[in-house]
Number of protein chains: 2
Amino acid sequence: MLKEKQLLKNYLSEKNLRGSSKRNTILKIFLEEEGHITAEELYQKVSKEDSSIGIATVYRTLKLFREAGLARMSRFEKGEAQYEHNYLHSHHDHLICMKCGKIIEFKNPDIEENQEKIARKHKFKITSHRLELYGTCSKCSSK
Amino acid sequence: MLKEKQLLKNYLSEKNLRGSSKRNTILKIFLEEEGHITAEELYQKVSKEDSSIGIATVYRTLKLFREAGLARMSRFEKGEAQYEHNYLHSHHDHLICMKCGKIIEFKNPDIEENQEKIARKHKFKITSHRLELYGTCSKCSSK
DNA sequence: TTAGTTGCAAATCGTTTGCATCAAG
DNA sequence: CTTGATGCAAACGATTTGCAACTAA
C-alpha cells in the first residue's frame, strides 16, 4: 500500500475516525498533483471525478491530511494557502518568479547545515523550515 | 531627514501623489515598532494618536510604504500579514517558536551566498528571499 | 480649482462552522 | 444503532473598494 494511504489509515484509527470514499477520491487526486495546489484548484479537479464533493470537505480533508503528516501547507506572498504532499516528493525549497508565477523546487544540503548551526546557537529545536527565493526566472528576465 | 521619510517623499513625487498628516502619523508610529506588526495592531496604536484614522487608511498606507520600498510584508503560518520596516533594522531571517510565538531574528552570510549559487544555477535573478525556521525555543523545550 | 486622500460601509476572498442528513463500522 | 462525515449556506476574519466628502498643492 502507498505510504501516504498507510499514514492516513494509521491516523484515522489512532483518532478513532472513519474512512470514506470521498476521502479516498480526494487523496488520489491530491497525490496525482506534482507541485503545489490550492484548496480551490483541488476542489475543481475533485469535482470532475465526483461532483457531489463540496469545497468544505476538501478543506476539512486537507486539514486531516496535514494532521496525518502527509501534506504540508505554505503561504507565499499571496493570501491563499498552497498544499503539497510528500509522495515521490520530499522536502525542498522554492524559487518563485514574481513575473510569471513559476515555482522551481530545489534542495541544498549546505543551507540546511547552516540552519542547524543557527538553531544550536539560539538553543532552538527546529521542526521545519521554509526558504523562498523571490525574483525573476530566466525567461522573464530576458523579455 | 530620516531615510525612510525620504524614500516615501521620493516615491510620492515620482508618482505624483500627495503627502498628508495622516500618512505622517502612520509612518512615525510604524517606525517606532521594533519587530513585526499586523495592520490591525498598527491601527490600534495609530488610533491612540489620531482616532480619526480609519483602518482602510492604514491598509492603504502600508501598501504605499511597500511600494515605496520602506516596508516589507510576510505571512507566517497564520493568515494575517505582518509588516516590518528597515529603519535601524535591515534584512534578516526568522526563527519562530511554535509554542510561545516568539520570533528571533538572525543573519547568516553563508546562507545568502548559497542562495546566490542556487540562483545562478537556475538562471534566476533574486530580488528578495525569506527563510523561516520553525521549532521550539529554549524556554519552551525545557518546559 | 483639481486631483489625490480618507472614512464608512459594503463587498470580496479564502476559510471555517452549525446544522440536518447521510453513511461507515 | 451510534457517531463520524458531508453538503449547504451562513458566518468569519482579513483585506479591498465604491463613493461622497475632504484637503493638499
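If you're wondering where the values come from, they're calculated on a predicted model, not measured in any experiment.

1. Regarding the sheet that holds strand β3 (residues 82-85) of chain B
Residue and element names in this part refer to chain B.
Inference 1: Strand order in the open sheet formed by three strands is β1-β3-β2, with antiparallel pairing between adjacent strands. Only two strands of the sheet have a single neighbouring strand rather than two, namely β1 (37-38) and β2 (71-74).
Inference 2: Two strands pair when backbone bridges link them, and β1 and β3 are joined in this way by two bridges, in the antiparallel orientation. If you follow Ile-37 over to β3, its bridge partner there is Tyr-83.

2. Points about the protein's contact with DNA strand D
Inference 1: What surrounds DNA strand D is a group of 19 residues, the closest being Arg-18, Ser-20, Ser-52 and Thr-57 of chain A together with Tyr-59 of chain B.
Inference 2: A share of 67% of the atoms of DNA strand D within 4 Å of the protein falls on sugar and phosphate groups.
Inference 3: For DNA strand D, a phosphate oxygen lies 2.3 Å from a polar atom in the backbone of Ser-52 of chain A.
Inference 4: Within the side chain of Tyr-59 of chain B, one N or O atom sits 2.4 Å away from a phosphate oxygen of DNA strand D.
Inference 5: Residues belonging to the surface near DNA strand D are distributed by class as follows: six nonpolar, six polar and seven charged.

3. Remarks on the domain arrangement of chain A
Residues and elements named next belong to chain A.
Inference 1: Its domain assignment divides chain A into domain 1 (2-85) and domain 2 (93-141).
Inference 2: Across the contact, seven residues belong to domain 1 and eight residues belong to domain 2.
Inference 3: Buried area between domain 1 and domain 2, summed over both chains or domains, comes out near 550 Å², and the portion from carbon and sulfur atoms is 58%.
Inference 4: For domain 1, the biggest contributors to the area lost against domain 2 are His-36, Phe-76 and Glu-77; these three give 70% of the whole.
Inference 5: The tally of links from domain 1 across to domain 2 stands at zero salt bridges.
Inference 6: Where domain 1 meets domain 2, there are two residue pairs in polar contact (both at pLDDT 80 or more).
Inference 7: Counted by class, the side of domain 1 that touches domain 2 contains one nonpolar, three polar and three charged residues.

Definitions and cut-offs
Residues numbered from 1 in each chain as written. Chains lettered and ligands numbered in written order. Predicted model: local features only at pLDDT ≥ 70, side-chain atom pairs only at ≥ 80, totals over all residues. Heavy atoms only, no water. Pairing = 2+ DSSP bridges. Helix = DSSP H or I, 4+ residues; strand = E, 2+ residues; numbered from the N terminus. Near = heavy atom within 4 Å. Polar contact = N/O pair within 3.5 Å; in protein donor to acceptor, adjacent residues only side chain to side chain. Nonpolar A, V, L, I, M, F, W, Y, C, P; charged D, E, K, R; others polar. Domains from an automatic or database assignment. Contact = heavy atoms within 4.5 Å. Buried area = accessible area lost by both parts, 1.4 Å probe. Salt bridge = Lys/Arg side-chain N within 4 Å of Asp/Glu carboxyl O.

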